[in-house]
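Listed here are the chains, written in short residue letters.
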There are 2 protein chains.
Amino acid sequence: MGMEHLESSRETGCSNMVTLGKLVKQVLIPATYGRAVFLRQGQFHKVIDVQGKQVCDFFAFDPADPTVFLSPSHTRSANNQMHLVVGKPLYNNARQPILLLEEDTVGVHDMRFAACDPARYGMYGVWQHRSCKMNILEALQEFNIWLPVFPEPVNLFMNSPIDKKGKMSILPPVSQAGDYVILRALKDLIVAGSACPMDLNPTNDFNPTDIMFEIYEA
Amino acid sequence: MGMEHLESSRETGCSNMVTLGKLVKQVLIPATYGRAVFLRQGQFHKVIDVQGKQVCDFFAFDPADPTVFLSPSHTRSANNQMHLVVGKPLYNNARQPILLLEEDTVGVHDMRFAACDPARYGMYGVWQHRSCKMNILEALQEFNIWLPVFPEPVNLFMNSPIDKKGKMSILPPVSQAGDYVILRALKDLIVAGSACPMDLNPTNDFNPTDIMFEIYEA
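Residues numbered from 1 in each chain as written. Chains lettered and ligands numbered in written order. Predicted model: local features only at pLDDT ≥ 70, side-chain atom pairs only at ≥ 80, totals over all residues. Heavy atoms only, no water.

### Describing the pairing of strand β11 (residues 189-195) of chain A
Each regular strand displays side chains that alternate between the two surfaces of the sheet. Residues and elements named next belong to chain A. For β11, a buried count of seven out of seven residues is recorded, marking the element as mostly surrounded by other parts of the structure. Neither face of β11 is exposed, since L189, V191, G193 and A195 on one face and I190, A192 and S194 on the opposite face are all buried. In this structure, strand β3 (residues 34-39) lies alongside β11, joined through six bridges in antiparallel fashion. Of the residues in β11, the one forming a bridge with V37 is V191. In this structure, strand β5 (residues 56-62) lies alongside β11, joined through six bridges in antiparallel fashion. Among the inter-strand pairings, D57 is bridged to a residue of β11, identified as S194. (Buried < 20%, exposed > 50% of the residue type's maximum accessible area, 1.4 Å probe, protein only. Helix = DSSP H or I, 4+ residues; strand = E, 2+ residues; numbered from the N terminus. Pairing = 2+ DSSP bridges.)

### Things to note about the packing of aromatic side chains
Within the structure shown, the criterion is met by six aromatic pairs over all chains. A centroid spacing of 6.3 Å and a plane angle of 70° characterise the contact between F58 of chain B and F213 of chain B, whose relative ring orientation is edge-to-face. Placement of F58 of chain B in strand β5 (residues 56-62) and of F213 of chain B in strand β12 (residues 211-216) is noted, with a sequence separation of 155 residues between them. Across the pair, F213 of chain B and F58 of chain B agree in class, each one buried. With 6.2 Å between their ring centres and 80° between their planes, F61 of chain B and F69 of chain B make a pair best called edge-to-face. Judged by its relative accessible area of 0%, F61 of chain B falls in the buried class. A cation sits over an aromatic face here: K46 of chain A above Y180 of chain A, 4.2 Å from the ring centre. (Phe/Tyr/Trp six-rings, centres within 6.5 Å; stacked < 30°, edge-to-face > 60°. Lys NZ or Arg CZ within 6 Å of the ring centre and 35° of its normal.)

Take a look at the structure:
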């Protein structure tokens with residue numbers, strides 16, 4: 001069994017059946033847009049693929065210093081793992097565990113591809129297009145955050161198998177309507193998501209749709 | 001053949017036998033230290049593992065704006081490849097090709113692990129230790145560069161196989177004394193390297209040694 005099979009199957013999806021408290025906030029991220037919300041330590045953050053086959057480029061920032069942020073490479077390094085694993089933390093670029101993956105009904109996500117940006121669409125000859133990078137920068141304005149360097153994303157629900165020679169592909173997500181992940185905040189965070197607007201390759205099955213953020217008390 | 005086999009073997013090492021011009025600069029990076037040098041567009045940059053089994057954490061910056069830098073995730077995204085490939089460019093975080101991999105006598109490198117930093121050694125209970133991150137920040141002082149966010153490294157000669165479940169390991173490098181890569185600058189750059197000081201795991205076979213930077217005219 002190669003990595004391609006592993007990453008394209010749903011068999012790694014895992015649900016620990018965490019008990020959520022009261023729903024305190026619900027934020028719909030409309031297709032192709034971004035949103036940012038404050039997440040208090042101990043709260044649960046549920047990210048839902050509303051209609052299915054939709055990627056959410058996901059970010060998390062230290063409210064006191066937005067240059068300290070969720071880092072795929074530090075997460076991989078700390079867990080010695082290419083993938084997100086239920087029960088293991090996600091780390092920031094100061095090597096602090098900041099989120100714990102509590103539930104995951106999909107098990108297929110990406111921590112390898114950069115966020116789409118205007119230059120990415122330019123490669124397709126499309127010079128005016130919404131992008132995950134600009135969505136996140138736009139959403140962070142509500143918090144008066146300016147980023148000197150844009151972080152690497154955790155691309156929730158993105159299906160990017162790797163073959164045995166290291167070739168990476170992009171396939172439509174395996175997530176179905178209502179699939180989700182639940183993350184527990186290990187510290188106060190500003191979390192941000194973009195309902196990825198990519199419609200020129202299979203990232204979102206050529207049909208960008210909505211993402212839902214829900215925040216629950218413990 | 002799984003990825004583990006691929007990444008631990010030398011079979012992907014490739015030499016296109018580029019013709020180098022005059023040697024214009026030679027900079028020894030002593031074991032556990034870092035150095036930065038200016039590289040002009042068109043010049044060749046040879047990075048040599050002098051004694052063998054030594055990782056070089058490698059970085060490249062736009063001299064006009066050091067927040068524009070070599071990016072493993074943009075390199076992976078542009079090439080649809082987990083690995084460095086001879087004949088393919090390395091990209092910066094503005095999606096520009098900045099270096100072309102011309103020769104590679106090893107074929108086993110890492111673009112997944114974060115650079116070691118003081119916090120990494122703290123996890124081993126060692127609170128005072130040289131690190132790649134501080135080596136690079138120190139080396140960049142010569143160019144008056146201050147980085148608001150530290151970049152992801154390209155870890156030349158690092159041997160970090162991935163198994164079929166995504167587990168990443170660290171093994172001693174397969175590089176031998178004198179092994180090297182040659183990169184051609186596609187634009188003016190400040191390139192920086194750290195002869196990785198990690199001596200608490202197999203990254204450098206528990207014996208950090210020297211790296212050599214050589215710059216040649218085309």
